[in-house]
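Read off the chains here:
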Amino acid sequence: MPILNRRSFIKAAGVLGASAALPVNLARAADKPVTVGFIYVGAKDDFGYNQAHAEAAAIIKGLPNVTVIEEENVPETVAVQRSMEAMIRQDGAQLIFPTSFGYFDPHVIKVARKYPEVRFAHCGGLWQKGVHPDNAGSFFGYIDEGQYLNGVVAGHMSKSKKLGFVAAKPIPQVLRNLNAFTLGARSVDPEITTTVIFTGDWSLPVKEAEAANSLIDQGCDVLTCHVDGPKVLVETAEKRGVMTCGYHASQAALAPKGYLTGAEWNWETPYRAHVMALQSGAPMNNFMRGGLKEGFVKTSPYGPAVSDAAKAAADAVKASMLKCEFSIFTGPIRNNAGEVMVAEGTVLTQTDVVLERMDYLVEGVRGQI
Amino acid sequence: MSIRIPPVAARGLALGLPALPTVLAVATTVLLFSVFLWAREIPVLEAGALIYQGAFGSTFSWENTLLRAAPLMLTALCVALPARAGLIIIGGEGALVLGGLAAAVTPLWLPALPASLMWVAMAAAAMAMGGFWIGLSGWMRQRRGVNETIGSLLLSYIALAVFRHLVEGPLRDPASLNKPSTAPLPDAYSVGVISDTFYVHWGLVAGVVVCALAHVLVRHSVSGFAFSIVGGNVRAARMIGLPVNRLVLVTCVLGGAAAGLAGMFEVAAVQGSANAALIAGYGTSGILVAFAARHNPLAIIVCAILLGGVEASGSLLQRRLGLPDATTLILEGVLFVNLLAWEALNGRVLHWRIHWRERGRTPAEGVVQHG
Amino acid sequence: MAEIDYSVLLLALLAGAIRVGTPFLFVSLGECLTEKGGRINLGLEGILVVGAMSGYAVAYLTDSAWLGVLAAGCAGGALGAFHGVICSLPRVNDIAFGIALILLGTGLAFFFGKAFIQPQAPSLPSIELGAWSDDARVRSALSVNVLFFIGVALTLLMHWGLRATRWGLVLRLVGDHAQSARALGYRPALVRTLATAGGGFLAGVGGAYLSLYYPGSWNEGLSSGQGLMAVALVIFARWQPLNCLWAALLFGASGAVGPALQAVGISSGYYLFAAMPYALTLLVMYLSCRPNQTLSGAPGELSLNR
């Protein structure tokens, strides 16, 4: 039961007024008013993962006939189940974006079963037909494409041939990025190694700074990371005069000298697709994945330090990625103990779910899991 | 001048008086928080109405509140029971997560059992683990004089590290991919909700029942009386021949067992496996609930519901007024600061209470003299 | 791995100990001061967060990092005084009140800190002790923040002050035996409140170090429990300011050694590694305590001893 209060009424009235002024063709596509809920696991402005989501949500907020409701700092406990239910029962939400990976199993699944008429578009999960409810689904971006390009640029720019990667936890999503980054760099020069440091959690600023310093002390001259907020790493590296590649969002402003490029999310694309489907009554796309080509991820503009050779090389790879002619995980790929993980002649395309189960470090990564 | 107070009313006053500091604390909290909102130009009445609506305004809100209160009742006992014997334990979080872990691995290591038996086994494992962990603090305190407050805090940190290490290392289910967890609990063994119209899991019933049992233990049993003697004066307790060390240990083990049980319900009714989401601060909130309830098990139920309500209301504040999540933290902080500070009045209240109770007993003298 | 350069590793470890340990030093000196007066303030964790936020905010608004440090100290001092006053009331438990203060402090800091996550505030200066070296790593390792030296100076001052000044004696008397202090005409509640306020000031400065120098920005995940860890640290240090310095460096080193070891390729068990300081403190407590006797060096009035 949606409870219409004064505020949402005013909002709805305002939206109606706005859509009346729109060109007819635009207004028609969005004639059904919908309420969409966003749930974040951390603060909306963390200079990283949650901010990338919140910024895209702000764009959705501007769409005609869409009311956006948000909640931040919702832990992966019974709290998120109740927040989803509250959005449905108190605000009449028809589509919910629970944006943290940990929300999916069991929380989203449980609530989706209870409310079959509401759509749940989860970020990062591995939705499977028959196993998970049909009104739930998962979307994710192949950000490893951005990390591969980061690696290509880093490989060109590194003088010491040592790169550094600060990671939160050794889980498939992180390992895939780390491996793509390393493969990208080694495509430039097979001598290059990447040293990885796991901090153990998604947001540990002091540890991340310490990890960055240790990597720099060991001679790494290009750093990147996969933690919730790359701010600390980028600032620490800039202070010590080494280069960085960004992650989640653009950190170019934090490192005017050393920022090379970055792998950024573009969540607007899947959000928009889900909202449009809801408005037009189209069935839900339960398993949505996309990379650079589909506009799920993007790269930061090159920083001033990047050489022309690096730009040309990265642009060439990017162009073939956009034409779907490029595959990052093309055999033979060995792990860093020398065992063959992807056999010669095997090409793993991005959609291959084997990649979402990655549990090894490729050759050239220094570290253990 | 003298006022006539009927004996019944005097008795009633005597009974109701202990709630006076709590009532004053809540009133002060409302006042201070309103001033805060007003100063930030946030509509005070609307916010107040939303907090009430989000916490206690509907069946849905009540479910929400009680779901959050359920683990707090048990973790608060982890503080309140040892407190009867004079110990301040603040490491409930560690007992909860290790208890949850023990519960999560029990079905993996046992043959298939009927659900009810498996629940008993899981609860037993969780309680044993939690009891052991807090018992360790009590044991170190009695054996070596290691302060139990700091000892339990350190043990809690160690427990969290061990928990993360095990869940993301040796006990990790390889299929858990991006959310490192232990192997999922089979559906047959998951604990459900009380009813479809009252969507709260059975952990709430467990919390209330255990609090009631704890009440009987500390108020109406010989052991409970013995705990209070130890808590009041250890020397006196030794003098009358009480087994002080054993009594202290027993309160710690029981408290830890309660926290472990909370962990079991988090795993069996909410998470479905042990993972880092179990570290949600229930143990820390439990400390505040216990102190606010003056370590009285029945009052713990009320205080846990109060805190659960505040936490439940945050969701509505965010969505309707666009307030940051930290608003709820401030409200909780102000509430507990007040609850603890108004404790100062409790000494006076105790005095008045005895005074009035005596008046109540002798009807002929039911007169309060006011100079 | 033969390529590990051990001298660089050791130097980096020392540098890491100083970088990571400085906030520990300030918070533990604050807790030490508080506990010398016979109170325990677990709320220093909340005060640290408030200090980090207010320091960053004021530094950004005034464009002066030092004014930020001062503001952080004052905010911490105010919260410390609040703890001191309320816990002077009868029946108010200082441990529980400290935990409530953590909630209140983090709530206030997160609420008012929203506006300061994005902007960049000026950073605190550091002293380049390694200017003589050609090696960038040595130079970086020996670039030590001014606050660390202030912390060392404060340690020495407190060490001397507690032993040799009238103030120090009064504080210790109040902390050890309030009744005697009262008999001599001092007011234990007032002395304790002042000590708690002073402790809060130091913890606030520790927070400002986090946001204004290392890691050097304000966000909600900034503190990873340094404030609570300091309580363990003070026990580890046996309530001696000088020991607080060594203990802070040791705790700092243990925070730095994990990443440093991984950087040279040893990367298993990092959770257990991170818990080492706690285990070590517990071990020290276990070995040095005796039944029916307080920890040597512990203030007698401390609620920990009752």
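Note that the structure is a prediction, hence the values are computed from the model and not measured. (Residues numbered from 1 in each chain as written. Chains lettered and ligands numbered in written order. Predicted model: local features only at pLDDT ≥ 70, side-chain atom pairs only at ≥ 80, totals over all residues. Heavy atoms only, no water.)

Asks: Can you tell me about the sheet that holds strand β10 (residues 259–265) of chain A, naming the residues and giving the values?
Replies: Residue and element names in this part refer to chain A. On the basis of which strands lie adjacent, the open sheet formed by seven strands has the order β12-β10-β9-β8-β6-β7-β17 and mixed pairing. The sheet is open, and its two borders are formed by β12 (297–299) and β17 (365–366), each paired with just one other strand. Inspection of the sheet shows strand β6 (residues 162–167) paired to strand β7 (residues 193–198) by six bridges, in the parallel sense. Following the sheet pairing, Leu 163 is matched in β7 by Thr 194. Sitting on the sheet, helix α6 (residues 144–157) is in contact with β6, β8 (222–226), β9 (243–248), β10 and β12, with an inclination near 175° to β10. The strands touched by helix α9 (residues 231–239) are β6, β8, β9 and β10; relative to β8, the strand with the most contacts, the crossing angle is about 170°. (Pairing = 2+ DSSP bridges. Helix = DSSP H or I, 4+ residues; strand = E, 2+ residues; numbered from the N terminus. Contact = heavy atoms within 4.5 Å. Axes fitted to C-alpha atoms, helices over the stretch in contact; angles between N-to-C directions.)

Asks: Tell me what's going on with the interface of chain C and chain B, and back it up with residues and numbers.
Replies: Taken together, the contact between chain C and chain B spans 45 residues of the former and 49 residues of the latter. Here chain C and chain B share an interface that buries about 4,100 Å² over both sides, 78% of which is from carbon and sulfur atoms. On inspection of chain C and its partner chain B, the count reaches three residue pairs in polar contact (both at pLDDT 80 or more). Of all the secondary structure elements, the ones that give two or more residues to the side of chain C that touches chain B are α3 (65–88), α4 (94–113), α10 (226–236), α12 (270–274) and α13 (276–288) of chain C. Considering each element in turn, the side of chain C that touches chain B owes the most residues, 13 residues, to α4 of chain C. Partitioning the side of chain C that touches chain B into residue classes produces 34 nonpolar, seven polar and four charged. (Buried area = accessible area lost by both parts, 1.4 Å probe. Polar contact = N/O pair within 3.5 Å; in protein donor to acceptor, adjacent residues only side chain to side chain. Nonpolar A, V, L, I, M, F, W, Y, C, P; charged D, E, K, R; others polar.)

Asks: I'd love a proper account of a nonpolar patch on the surface, names of residues and values included.
Replies: There is a patch of nonpolar side chains on the surface, built from Trp 202, Val 205, Val 209 and Leu 213 of chain B and spanning about 350 Å² of accessible area. Since its relative accessible area comes to 30%, Val 205 of chain B is described here as partly exposed. (Patch = residues over 30% accessible without salt bridge, like charges linked within 9 Å, V, L, I, M, F, W, Y side chains within 5 Å. Areas by Shrake-Rupley, 256 points an atom, 1.4 Å probe, with all protein chains shown as cover. Salt bridge = Lys/Arg side-chain N within 4 Å of Asp/Glu carboxyl O. Buried < 20%, exposed > 50% of the residue type's maximum accessible area, 1.4 Å probe, protein only.)

Asks: So what about the side chain of Glu 235 of chain A? Which residues, and what values?
Replies: Tracing the chain through its elements places Glu 235 of chain A in helix α9. What Glu 235 of chain A contacts, discounting residues up to four positions off in sequence, is Leu 254 of chain A together with Gln 120, Gly 216 and Ser 217 of chain C.

Asks: An account of the environment of Lys 298 of chain A is requested, with residue identities and associated values reported.
Replies: Residue and element names in this part refer to chain A. By secondary structure assignment, the location of Lys 298 is in strand β12. On the accessibility criterion, Lys 298 (37% relative accessible area) is partly exposed. Note: C-alpha distance between Lys 298 and Ala 263 (35 residues apart in sequence) is 6.2 Å. Those residues in contact with Lys 298 that sit more than four places away from it in its chain are Gly 262, Ala 263, Glu 264, Trp 265, Asn 266 and Leu 292.

Asks: Before we move on, could you go through the confidence of the model for chain A and cite the residues and values that matter?
Replies: Residues and elements named next belong to chain A. Looking at chain A, the pLDDT average stands at 89 and 92% of residues meet or exceed 70. Highest mean pLDDT in chain A belongs to β8 (97); lowest belongs to helix α1 (residues 6–20) (38). Under a pLDDT of 50 for its full length, residues 1–28 has, in the predicted model, 25 contacts with residues more than four places off or in other chains. (pLDDT = per-residue confidence, 0-100.)

Asks: Tell me about unusual backbone geometry, residues and numbers included.
Replies: Cis geometry marks the peptide bond from Asp 105 of chain A to Pro 106 of chain A; its omega dihedral reads 10°. Considering the arrangement of structural elements, one finds Pro 106 of chain A in helix α5 (residues 104–114). Despite not being glycine, Asn 65 of chain A has its phi angle at roughly 60°, a positive value. Its location among the elements puts Asn 65 of chain A in the loop between α3 (49–61) and β2 (66–71). According to the relative accessible area criterion, Asn 65 of chain A is buried, its value standing at 8%. Positioned with a positive phi, Arg 91 of chain C is a non-glycine residue whose angle comes to about 65°. When you line up the elements, Arg 91 of chain C lands in the loop between α3 and α4.

Asks: Can you tell me about the environment of Val 193 of chain B, naming the residues and giving the values?
Replies: Residue and element names in this part refer to chain B. Here Val 193 shows up in strand β2 (residues 193–195). It is 20 Å that separates the C-alpha atoms of Val 193 and Glu 311, two residues lying 118 residues apart in sequence. Excluding residues that lie within four positions of it along the chain, Val 193 makes contacts with Tyr 199, Val 200, His 201 and Trp 202.

Asks: Describe in detail the packing of aromatic side chains, supporting the description with residues and values.
Replies: All told, the structure shown has 30 aromatic pairs over all chains when counted by the stated rule. Ring centres of Phe 140 of chain A and Trp 267 of chain A lie 6.1 Å apart, and the angle between their planes is 40°; this geometry places the pair in the tilted category. In this pair, Phe 140 of chain A sits in strand β5 (residues 136–141) while Trp 267 of chain A sits in the loop between β10 and α10 (268–280), placing the two residues 127 residues apart along the sequence. Take Phe 140 of chain A: its relative accessible area is 13%, and that puts it in the buried class. What makes Trp 267 of chain A buried here is its relative accessible area of 1%. On the basis of an interplanar angle of 50° and a centroid distance of 5.1 Å, the ring pair of Tyr 270 of chain C and Tyr 271 of chain C is categorised as tilted. Pair check on accessibility: Tyr 270 of chain C and Tyr 271 of chain C agree, each one buried. Put simply, the rings of Phe 38, Phe 97, Phe 139, Phe 140, Tyr 247, Trp 265, Trp 267 and Tyr 271 of chain A pair up and form one aromatic cluster. (Phe/Tyr/Trp six-rings, centres within 6.5 Å; stacked < 30°, edge-to-face > 60°.)

Asks: Run through the packing of helix α5 (residues 92–109) of chain B against helix α7 (residues 148–168) of chain B, naming residues and quoting values.
Replies: All names here are of chain B. Taken N-terminus to C-terminus, the directions of α5 and α7 make an angle of 25°; their axes are 8 Å apart at the nearest point. Comparing their axes, α7 and α5 come out roughly parallel. Crossing of α5 against α7: the hand is left-handed. Side by side, α5 and α7 meet where Glu 93, Gly 94, Val 97, Leu 98 and Leu 101 of the first sit next to Ser 156, Ala 159, Leu 160, Phe 163, Leu 166 and Val 167 of the second. Among the residues forming the contact of α5 with α7, the class breakdown is eight nonpolar, two polar and one charged. (Parallel < 35°, antiparallel > 145°, perpendicular 65-115°, else oblique. Left-handed = near helix turned anticlockwise from the far one by under 90°.)

Asks: Describe the domain arrangement of chain A, naming the residues involved and giving the relevant values.
Replies: All names here are of chain A. Looking at chain A, the domain boundaries give domain 1 (6–141) and domain 2 (144–266 + 296–366). Between the C-alpha centres of domain 1 and domain 2 there is a distance of 31 Å. Each partner contributes to the interface: domain 1 provides twelve residues, whereas domain 2 provides 14 residues. Taken together, the links from domain 1 to domain 2 amount to one residue pair in polar contact (both at pLDDT 80 or more). The set of elements that each furnish at least two residues to the side of domain 1 that touches domain 2 consists of α3 and β5. Considering each element in turn, the side of domain 1 that touches domain 2 owes the most residues, three residues, to α3. Broken down by class, the residue content of the side of domain 1 that touches domain 2 amounts to six nonpolar, five polar and one charged. (Domains from an automatic or database assignment.)

Asks: Explain the interface of chain A and chain B to me, using residue names and the numbers behind them.
Replies: Across the contact, 39 residues belong to chain A and 31 residues belong to chain B. Area buried by chain A at its contact with chain B is led by Val 78, Arg 82 and Gln 90 of chain A, which between them contribute 21% of it. At the junction of chain A with chain B, the criterion picks out six salt bridges. The shortest N-O distance in the salt bridge between Glu 63 of chain B and Arg 82 of chain A comes to 3.0 Å.

Asks: Tell me about the pairing of β10 of chain A, residues and numbers included.
Replies: All names here are of chain A. The element β10 is extensively covered by neighbouring structure, given that seven of its seven residues are classed as buried. Pairing analysis gives four bridges linking β9 to β10, with the strands arranged parallel. If you follow His 248 over to β10, its bridge partner there is Glu 264. Pairing of β10 with β12, which is carried by three bridges, proceeds in the antiparallel orientation.

Asks: Go over the pattern of salt bridges with me, naming the residues and quoting the values.
Replies: For the structure on display, the rule yields 22 salt bridges over all chains. Residue Glu 210 of chain A is joined to Arg 19 of chain C by a salt bridge in which the shortest nitrogen-to-oxygen separation is 2.9 Å. Taken together, the residues Glu 210 of chain A in helix α8 (residues 205–217) and Arg 19 of chain C in helix α1 (residues 6–36) connect one chain to another.

Asks: Got a sec to walk through the sheet that holds β5 of chain A? Specific residues and values, please.
Replies: Residues and elements named next belong to chain A. An order of β2-β1-β3-β4-β5-β11 is seen for the six strands of this open sheet, with the pairing classed as parallel. Both edges of this open sheet fall to β2 and β11 (287–290), since each of them pairs with a single strand only. Along the sheet, successive strands turn relative to each other by an average axial angle of 20°, direction set aside. Its contacts with the sheet place helix α4 (residues 78–91) against β1 (34–39), β2, β3 (95–98) and β4 (119–123), and it is angled at close to 165° to β1.

Asks: Report on the nonpolar core, specifying residues and quantitative values.
Replies: Within soluble globular proteins, side chains that are nonpolar tend to cluster in buried spots. Core analysis: the biggest nonpolar cluster contains 194 residues, and Met 264, Val 289 and Phe 336 of chain B together with Trp 218 of chain C have the highest contact counts within it. Not counting chain neighbours up to four residues away, the residues in contact with Met 264 of chain B comprise Gly 100, Ala 103, Trp 119, Met 122, Ala 123 and Ala 126 of chain B. Counting residues in each nonpolar core, the second largest holds 74 residues, with Val 152, Met 243, Met 288 and Val 342 of chain A among its members. (Core = buried A, V, L, I, M, F, W, Y, C linked by side-chain atoms within 4.5 Å.)

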